[in-house]
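Structure at a glance
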Amino acid sequence: MSRLEAVQALVDRARSVNSPSSLRNLLADGTREIGFDYFALIHHVDLTRYTDHLPHMKKRDLVALGTYPDAWIETYIEDNIVANDPVLLASHRTNVGFKWSDIPSLIPLSDAHREIRLRTVKAGIDDGFTVPAHVPGEANGSCNFAMASGGALPERNLEIAQLIGGFAFQAARAMVSNARPEASLPQKKPLTQR
């Protein structure tokens with residue numbers, strides 16, 4: 001099976017999963033298959049509602065699932081790093097995936113950004129590739145693929161990561177959107193004769 005066929009198979013499975021945990025497992029397998037160690041699929045919002053059991057997705061609160069080390073997830077949420085994360089800020093400047101080493105070409109780095117980068121490395125996450133997810137009228141998001149300390153970025157699979165990340169985020173969005181009761185959706189008003 002070619003790499004593109006493998007991606008298509010993963011995309012097809014992502015479209016048919018019916019639970020956040022199934023999507024997380026599918027994406028964890030796909031992440032390892034393309035040579036990354038971790039992934040984080042998130043809306044760029046307050047993540048304090050996140051738990052490993054994923055009720056926030058079942059309650060349609062937000063897209064947030066991943067396989068980053070637990071200690072880093074706790075620190076990330078407790079310290080509200082999402083508000084100043086250079087990876088996420090850089091993702092707002094492009095609509096295609098980028099290597100984390102390219103961040104200085106997307107945003108000016110502050111001392112706070114450099115400190116977050118050092119903390120990320122100390123947590124065991126060394127390098128990565130981020131796929132932005134921007135839908136007008138919704139919170140920005142991204143699918144982030146990362147390497148454990150000492151791991152080399154799988155350069156030959158970055159285009160594959162772009163495809164997987166985009167389709168995975170869409171699958172998560174659909175799961176959250178479809179959980180919304182019809183009553184909470186905006187009601188269409190009938191047009192008048194004018």
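Description of the structure in this document. (Residues numbered from 1 in each chain as written. Predicted model: local features only at pLDDT ≥ 70, side-chain atom pairs only at ≥ 80, totals over all residues. Heavy atoms only, no water.)

What about the overall build of the chain?
Scanning the chain from N- to C-terminus turns up eight helices and five strands. Moving toward the C terminus, one meets the helices and strands of the chain in the order α-α-β-α-β-α-α-β-α-α-β-β-α. For the chain, with 194 residues in total, the buried portion stands at 43%. A separation threshold of at least 6 residues defines the contact pool for the chain, and within that pool the share at least 24 residues apart is 67%. (Helix = DSSP H or I, 4+ residues; strand = E, 2+ residues; numbered from the N terminus. Buried < 20%, exposed > 50% of the residue type's maximum accessible area, 1.4 Å probe, protein only. Contact = heavy atoms within 4.5 Å.)

Remarks on the side chain of threonine 120
Examined against the element boundaries, threonine 120 turns out to sit in helix H7 (residues 111-122). Taking the relative accessible area as the measure of exposure, threonine 120 reaches 10% and is therefore buried. For threonine 120, the contacting residues outside a window of four places in its chain are Trp72 and Ile125.

Quick look at the pairing of strand S1 (residues 38-43)
Within S1, six of the six residues are buried, which leaves it mostly tucked inside the rest of the structure. With six bridges connecting them, S1 and strand S5 (residues 141-148) associate as antiparallel partners. Looking at the pairing, leucine 41 lines up with cysteine 143 of S5. Here three bridges tie S1 to strand S2 (residues 64-66), and the two strands are oriented antiparallel to one another. Of the residues in S2, the one forming a bridge with leucine 41 is leucine 65. (Pairing = 2+ DSSP bridges.)

Things to note about the pattern of salt bridges
On inspection of all chains with the given rule, the structure shows six salt bridges. A salt bridge links aspartate 126 to arginine 117, with the nearest nitrogen and oxygen atoms 3.8 Å apart. The class for aspartate 126 is partly exposed, based on a relative accessible area of 24%. Assessed through its relative accessible area of 33%, arginine 117 is described here as partly exposed. For arginine 173, the salt bridge goes to glutamate 138, with nearest N and O atoms at 2.6 Å. Taken together, the residues arginine 173 in helix H8 (residues 158-178) and glutamate 138 in the loop between strand S4 (125-133) and S5 connect sequence positions 35 residues apart. (Salt bridge = Lys/Arg side-chain N within 4 Å of Asp/Glu carboxyl O.)

Quick word on unusual backbone geometry
At asparagine 80, a residue that is not glycine, the phi angle is positive and equals roughly 50 degrees. Relative to the helices and strands, asparagine 80 resides in the loop between helix H4 (70-78) and helix H5 (86-91). The exposure class assigned to asparagine 80 is partly exposed, which follows from its relative accessible area of 41%.

Things to note about the nonpolar core
Ranked by size, the top nonpolar core spans 31 residues in total, and within it Leu27, Phe36, Leu41, Phe145 and Ile164 carry the most contacts. When residues in this core are grouped by element, the largest group, ten residues, is from H8. Residues within four places of phenylalanine 36 in sequence aside, it is in contact with Thr31, Phe129, Phe145, Ala146, Met147, Leu153, Pro154, Leu158 and Ala161. Membership of the second largest hydrophobic core comes to 25 residues, among which are Ile42, Leu47, Tyr76 and Ala146. (Core = buried A, V, L, I, M, F, W, Y, C linked by side-chain atoms within 4.5 Å.)

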